[in-house]
Amino acid sequence: MGSPEEARKPDTQRLGPVLRRRDQVQPGTTDQRLLDTEGDSEWVHTDPWRVMRIQSEFVEGFGALAELPGAISVFGSARTPVDSPDYDAGVRIGRALVEAGFAVITGGGPGAMEAANKGAREAKGVSVGLGIELPFEQGLNPHVDIGVNFRYFFVRKTMFVKYAQGFVVLPGGLGTLDELFEALTLVQTRKVTRFPIVLFGTAYWTGLIDWLRDTVVAQGKASEKDLLLFHVTDDVDEAVALVTKETGK
């Protein structure tokens, strides 16, 4: 028997726009190789070339998304089951956003992301997926009409914010929390303006909100007004109204 690492080696790997399968799958990811501090001084010679690759990702993303209509980014767990209430909510949110005149942008994966893309596609709107190279890449879901695969998280995050006019955040894990807090930080520091953020699912988000209020704000690590940077709801129509009200549509 092989090692656990060999047993978990994916059969398919996406490296930005490049697809590798079977024996051509490479270990690790591009982000990992960029951030890894181990090894000799080879980085002195290779990092300048990485800048060119990073630049090319920005160019590809800008080129693919520049002509999008007004859009809303929808985040949520890739592990959301198809038969769950959260998946159904994602479909309804995607559909409602299109009916309100917006394109839908997700991370392009399965679960809640797939649900929002599905709703947008069923409503005959623009369904966008921004994928990311991961060790166990699942690829873009079949409901994505415009898809871009990125190597670097920070390039992908730029696209989520630059081409969206607001976020709807469904229940999710660490990746979803990362995207949520990045958006909150950008609004708090006024790096972006007029950027509504809606958390969908009161029961899921209440514990986090209580901690922010009773610990973070209570200890002076954030201000009371920071709790006004987002809205929480269980109603699809309200979520869409809240996330689109400041866009001028």
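Residues numbered from 1 in each chain as written. Predicted model: local features only at pLDDT ≥ 70, side-chain atom pairs only at ≥ 80, totals over all residues. Heavy atoms only, no water.

Draft legend 1. Quick look at the packing of helix 4 (residues 85-99) against helix 9 (residues 236-244). Where helix 4 meets helix 9, the axes come as close as 10 Å, and the angle between the chain directions of the two elements is 45°. If you check the angle between helix 4 and helix 9, you find them oblique. Considering only the axes of helix 4 and helix 9, their crossing is right-handed. Listed contacts from helix 9 to Ala89, Arg92, Ile93, Ala96 and Leu97 of helix 4 are Val236, Val240, Val243 and Thr244. Split by residue class, the contact of helix 4 with helix 9 holds 7 nonpolar, 1 polar and 1 charged. (Axes fitted to C-alpha atoms, helices over the stretch in contact; angles between N-to-C directions. Helix = DSSP H or I, 4+ residues; strand = E, 2+ residues; numbered from the N terminus. Parallel < 35°, antiparallel > 145°, perpendicular 65-115°, else oblique. Left-handed = near helix turned anticlockwise from the far one by under 90°. Contact = heavy atoms within 4.5 Å. Nonpolar A, V, L, I, M, F, W, Y, C, P; charged D, E, K, R; others polar.)

Draft legend 2. Summary view of the nonpolar core. Grouped together as the largest cluster of nonpolar side chains are 37 residues, with contacts concentrated most on Leu130, Phe167 and Ile197. Apart from the residues within four sequence positions on either side, Phe167 is in contact with Ile72, Ser73, Phe75, Phe160, Val161, Glu179, Ala183, Phe195, Pro196, Ile197, Val198 and Val243. Judged by nonpolar contacts, the second largest core, of 21 residues, contains Ala89, Val98, Val168 and Leu242. (Core = buried A, V, L, I, M, F, W, Y, C linked by side-chain atoms within 4.5 Å. Buried < 20%, exposed > 50% of the residue type's maximum accessible area, 1.4 Å probe, protein only.)

Draft legend 3. View of empty space enclosed by the protein. Applying the stated rule across the entire model yields 1 cavity of 30 Å³ or more. The computed volume of the largest cavity comes to approximately 40 Å³. Lining the largest cavity we find Phe75, Lys157, Phe160, Val161, Phe167, Glu179, Glu182 and Ala183. Looking at the lining of the largest cavity, the elements with two or more residues in it are helix 6 (153-162) and helix 7 (174-188). Of the residues belonging to the lining of the largest cavity, the class tally is 5 nonpolar, no polar and 3 charged. (1 Å grid on protein atoms, 1.4 Å probe; cavity = no way out; pocket = protein on both sides within 12 Å on 5 of 7 lines; lining within 4 Å. Points joined across faces, edges and corners; volume = space filled by probe spheres on them.)

Draft legend 4. Summary view of the side chain of Thr106. By secondary structure assignment, the location of Thr106 is in strand 4 (residues 103-106). On the accessibility criterion, Thr106 (0% relative accessible area) is buried. Of the polar contacts made by the side chain of Thr106, one reaches the backbone nitrogen of Gly108; its length is 2.8 Å. In this structure, Thr106 is in contact with Val74, Met113, Ala116, Asn117, Val128, Gly129, Leu130 and Phe160, ignoring residues within four places of it in sequence. (Polar contact = N/O pair within 3.5 Å; in protein donor to acceptor, adjacent residues only side chain to side chain.)

Draft legend 5. Structural context of the packing of helix 7 against helix 8 (residues 202-217). Direction vectors running N to C along helix 7 and helix 8 enclose 45°, while the axes themselves pass 14 Å from each other. It follows that helix 7 is oblique to helix 8 by the angle criterion. Crossing of helix 7 over helix 8 shows right-handed handedness. Touching Thr176, Leu177, Leu180 and Phe181 of helix 7 are Trp205, Leu208 and Leu212, all from helix 8. Among the residues forming the contact of helix 7 with helix 8, the class breakdown is 6 nonpolar, 1 polar and no charged.

Draft legend 6. View of the packing of aromatic side chains. Evaluation of the coordinates by the stated rule reveals 7 aromatic pairs. Note on Phe58 and Phe62: the rings are 5.8 Å apart at their centroids and 40° apart in plane angle, and the pair reads as tilted. In this pair, Phe58 and Phe62 both sit in helix 3 (residues 43-65), 4 residues apart, roughly one turn of the helix. With a relative accessible area of 22%, Phe58 lands in the partly exposed category. One aromatic cluster in this structure is built from Phe75, Phe160, Phe167 and Phe195. Seen from the ring of Phe62, Lys162 lies directly overhead, with NZ or CZ sitting 5.6 Å from the centre. (Phe/Tyr/Trp six-rings, centres within 6.5 Å; stacked < 30°, edge-to-face > 60°. Lys NZ or Arg CZ within 6 Å of the ring centre and 35° of its normal.)

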